[in-house]
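Fold and geometry: a report
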Amino acid sequence: MKNPVDFLKIEYDDLVEKSLDWKMKQIEGASRPLSIVNGKEVIVLCSNNYLGLSTHQKLKKVSINAIKKYGVGAGAVRVISGTMDIHVELEKRLASFKKAEASLTFPTGFSVNSGLIPQLVGENDVIISDELNHGSIIDGVRLTKADRVVYKHNNMEDLTRVINEITKRSPPYRRILIITDGVFSMDGDIAKLDNIAKLGSEIGAIIYVDDAHGEGVLGEGGRGIVNHFHLNHNEIHIEMGTFSKAFGTVGGHISGSKNLVNFAWNKCRTILLSSALPPSVVSSTIAAIDVLEKEPSHVKKLWNNTSYFKKIVRDLGFDTGLSETPIIPIIVGESSKAQLLASKLYDAGIFVVPIVFPMVSRDKARIRIQMNSKLTKEQINNVTTKLESISKELKIL
Ligand SMILES: *Cc1c(COP(=O)(O)O)cnc(C)c1O
């Protein structure tokens, strides 16, 4: 008889043959802008740890203290016996940071999107989604029976067209959910959330933003995209995010009304059936909020580095696409060129990832740079010098 799991090897080998397999690089020690990766010291430009908070002294110290006081695990899911006083404290602090009535933590950001979206909508509802939304949103959408319509990336004319189409339906939809990334992770552009909120409010839609890459980056002191556009949680009903990016820890969260939070923790299976965040993570995340509130220099430095780097590469003639944030694509065209550029940069001591088809269209392959507040001017100059010379060698410039 044929072995029922033969496909595991066949499909993996197929990925390897097509160079579509992930080659995991191993970091020695902490994740820092200058790290030892696969035994070689490199400048890391592909980390979500935008502010370097994962190695901040304060976060490390409270984490160790929390382990001494609470142990290493929460011991249960939130609703059974996994809610400790620090989980409640974190949610209070986060709500105040986000200027929201209430906040709620989840195991991960992925589990917010995959757990909450299917509870918000179902049969006779419709989801309107940006074509470049994150995979966790796509999976959340797939778990619903709601109809779904995709609009062209950040294109308000196309969103208007979609809205006009769906409002013609008879009988009308029960609920309409408009969902978008806040900062798009491949292009680094910012959702036109003010326009989306306005268009949405005209049709009574629920507005949901995934601000994974906007938190700690956009808005006053890194409060995120809702703050950036001076919107509130009557206009943006669900502000979702993760501590796994600029906050330097791990864990998903939502902010909005008390009603939203009560609904979510009673309905989402990714809270009801998945364990609470460990106390060390919870306390270091509280410390991350402290740092953001008391040390505005981190966010400022991130933006200074971002503008400094962007100006140089744009002056050199690189195509940075739609980037408006510390996510900076360098678009080079064919996939093979992006792969070659990334591998030559790595040899030269710079760690970036190539983003190629099918993640982006065939002619828009790129390397993606994620700027970091902890990089020095010298390090950035080193990157731009090498980027220039290797790109000339590869006839990208
Ligand atoms: C990283 C990311 C997530 C997932 O967050 P995790 O907490 O790492 O699971 C969700 N949405 C977007 C846009 C992201 O970039």
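Residues numbered from 1 in each chain as written. Predicted model: local features only at pLDDT ≥ 70, side-chain atom pairs only at ≥ 80, totals over all residues. Heavy atoms only, no water.

Structural notes on the nonpolar core
Formed by 78 residues in total, the largest nonpolar core has its most connected members in Ile-128, Phe-309, Leu-341, Ile-367, Ile-369 and Leu-387. Top contributing element to this core by residue count: helix α12 (residues 279–294), with 8 residues. Summarising the domain contributions, this core has at least three residues from each of domain 1 (6–55 + 296–393) and domain 2 (58–294). When neighbours within four sequence positions are excluded, Leu-387 is seen to be in contact with Phe-309, Val-313, Phe-318, Ile-330, Leu-341, Leu-345 and Ile-367. (Core = buried A, V, L, I, M, F, W, Y, C linked by side-chain atoms within 4.5 Å. Buried < 20%, exposed > 50% of the residue type's maximum accessible area, 1.4 Å probe, protein only. Helix = DSSP H or I, 4+ residues; strand = E, 2+ residues; numbered from the N terminus. Domains from an automatic or database assignment. Contact = heavy atoms within 4.5 Å.)

As for the domain arrangement of the protein
Partitioning the protein into structural domains gives domain 1 (6–55 + 296–393) and domain 2 (58–294). When each unit is reduced to the centre of its C-alpha atoms, the spacing between domain 1 and domain 2 is 26 Å. In this complex, domain 1 contributes 26 residues to the contact, which on the side of domain 2 involves 26 residues. Here domain 1 and domain 2 share an interface that buries about 2,000 Å² over both sides, 63% of which is from carbon and sulfur atoms. For the interface between domain 1 and domain 2, the tally reads 1 salt bridge. The tally of links from domain 1 across to domain 2 stands at 10 residue pairs in polar contact (both at pLDDT 80 or more). (Buried area = accessible area lost by both parts, 1.4 Å probe. Salt bridge = Lys/Arg side-chain N within 4 Å of Asp/Glu carboxyl O. Polar contact = N/O pair within 3.5 Å; in protein donor to acceptor, adjacent residues only side chain to side chain.)

Looking at the environment of Gly-82
Along the chain, Gly-82 falls in helix α3 (residues 78–82). For Gly-82 and Thr-105, which are 23 residues apart along the polypeptide, the C-alpha to C-alpha distance reads 12 Å. Each residue touching Gly-82, except ones within four places of it in the same chain, is listed here: Ala-74, Ala-76, Val-77, His-87 and Ala-276.

Description of unusual backbone geometry
Across the junction of Ser-170 and Pro-171, the peptide omega takes the value -5°, indicating a cis bond. Position of Pro-171 among the secondary structure elements: in the loop between α7 (156–166) and β7 (176–181). Here the bond from Phe-357 into Pro-358 is cis, since omega is 10°, no more than 30 degrees from zero. Its place among the elements puts Pro-358 in the loop between β13 (353–355) and β14 (365–370). Backbone geometry at Asn-154 places phi at a positive 50°, although glycine is not the residue there. Examined against the element boundaries, Asn-154 turns out to sit in the loop between β6 (147–151) and α7. Residue Asn-154 is classed as buried on the basis of its relative accessible area, which comes to 6%. If you check the backbone angles, Lys-395 has positive phi at about 60° while not being a glycine. For Lys-395, the location among the structural elements is in the segment after α15 (377–393). Among the residues examined, Lys-395 registers a relative accessible area of 67% and is labelled exposed.

Here we look at the side chain of Ser-323
Looking at where Ser-323 falls in the secondary structure, it is placed in the loop between α13 (297–316) and β11 (327–333). From its side chain, Ser-323 meets the backbone oxygen of Thr-325 in a polar contact 3.2 Å long. With residues near it in sequence (within four places) discarded, Ser-323 still touches Asp-187, Gly-188, Asp-189, Lys-310, Arg-314, Ile-328 and Pro-329.

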